[in-house]
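# Examination of the molecular architecture
Read off the chains here:
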Amino acid sequence: MNVLKRWLNSDVGYSFRQSPTAMVAAAIAVVFLFCAAFAGWVSPTNPFDLATLELSDARIPPAWMEGGSTKFLLGTDDQGRDILSAIIYGSRISLVVGLASVVLSVVVGVGFGLLAGFRGGWIDAFLMRLCDVMLSFPAILVALLIAGVGRALFPDAHESLAFGVLILSITLTGWVQYARTVRGTTLVERNKEYVQAARVTGVAPLRIMFKHVLPNVMGPVMVLATIQVATAILTEATLSFLGVGAPPTSPSLGTLIRIGNDYLFSGEWWITIFPGLMLVLIALSVNLLGDWLRDALNPRLR
């Protein structure tokens, strides 16, 4: 509680309390995270438990429409799964994949960016040319390639390995922005007096990088990571929509949208509309939080 109180009394906390948009976006994100973390408790049913599915319950409209049932508030899909429960479980998969890929991208990108900016020379040139090569390909194309190759090499792999390939494919396209951002900031920080003083006193270069330079370059990284969470979730949904993302036995929001797309123009619009709205709300709330954090951490934008 003391930590939360100090944060609320800080400059960033004050900016948060003065921004209704940030507070609403944070509330929506917290609700999504809570539902995803405790899907087994929040969800009315387990939509992926085949023993509980009844084909006679397939394509039931939402409860407020004619033919709907209060048992299925948002209706059911073609297999009789509760749409609300499927959305809650699917959002958990999307959030886990998105957050995990962003964390790995931050670790790899910040590490390479620090190394390139602090050491310079051929290391800097090599890493930046590698970034240029990665940026020359569309992110979704690289993700499709990695995910496709992974599934071809391990066609009968366990679900955990399939999710690992999915996270890796998004990470390989996401670390570049962190590396370039950290490298540019590090080039400025390495020539400042506190770094020169640390060198004169004999502090090891690795210690200077992580103890002195890293804390001063994390501001832009935090803003970029917040925004990239939404991008990673959308990338995962795109891959799942194209059939190379989450496995069919554990569908994410993208898989649910792909399944419902087949019934969009046959009258069962709720199968794809509600998962799509959930994806939009998640991405929008995260993007709004990222915009607020950018303004809060940049005094020029206050």
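Going by the structure above, here's the rest.
In this text the structure is predicted, and so the values were computed from the model without any measurement.

Parameters at a glance
- Residues numbered from 1 in each chain as written.
- Predicted model: local features only at pLDDT ≥ 70, side-chain atom pairs only at ≥ 80, totals over all residues.
- Heavy atoms only, no water.
- 1 Å grid on protein atoms, 1.4 Å probe; cavity = no way out; pocket = protein on both sides within 12 Å on 5 of 7 lines; lining within 4 Å.
- Points joined across faces, edges and corners; volume = space filled by probe spheres on them.
- Helix = DSSP H or I, 4+ residues; strand = E, 2+ residues; numbered from the N terminus.
- Phe/Tyr/Trp six-rings, centres within 6.5 Å; stacked < 30°, edge-to-face > 60°.
- Buried < 20%, exposed > 50% of the residue type's maximum accessible area, 1.4 Å probe, protein only.
- Nonpolar A, V, L, I, M, F, W, Y, C, P; charged D, E, K, R; others polar.

Summed over the entire model, instances satisfying the criterion amount to one cavity of 30 Å³ or more. The calculated volume of the largest cavity comes to roughly 40 Å³. For the largest cavity, the full set of lining residues is Asp77, Arg81, Ile83, Ala86, Ile87, Leu256, Ile259, Ile271 and Pro275. Ranked by residue count, the leading element in the lining of the largest cavity is helix α5 (residues 83-119), at three residues.

Right, let's talk about the packing of aromatic side chains for a bit. This model, assessed by the stated rule, comprises seven aromatic pairs. Plain terms: the ring middles of Phe38 and Trp41 are 5.4 Å apart, the flat faces sit at 20° to each other, and that makes the pair stacked. Among the residues examined, Trp41 registers a relative accessible area of 73% and is labelled exposed. Ring geometry for Trp269 and Trp270: centres 5.9 Å apart, planes at 80°, overall edge-to-face. A network of ring pairs unites the aromatic residues Trp64, Trp269, Trp270 and Phe274 as a single cluster.

Another aspect to go through is the layout of surface pockets. Taken as a whole, the largest pocket holds about 410 Å³ of empty space. What lines the largest pocket is a set of 17 residues, among which Ala29, Leu33, Thr226, Val286 and Leu289 lie closest to the centre. Those elements that place two or more of their residues in the lining of the largest pocket are α3 (20-37), α5, α10 (205-241) and α12 (270-297). Per element, the largest residue contribution to the lining of the largest pocket is six residues, and it comes from α12. Tallied by class, residues from the lining of the largest pocket come to 15 nonpolar, two polar and no charged. Counted as a void, the second largest pocket has a volume near 270 Å³. For the second largest pocket, the lining is made up of 20 residues, of which Ala139, Thr173, Gly174, Gln177 and Gln228 are closest to its centre. Grouping the amino acids of the lining of the second largest pocket by side-chain chemistry returns 12 nonpolar, eight polar and no charged.

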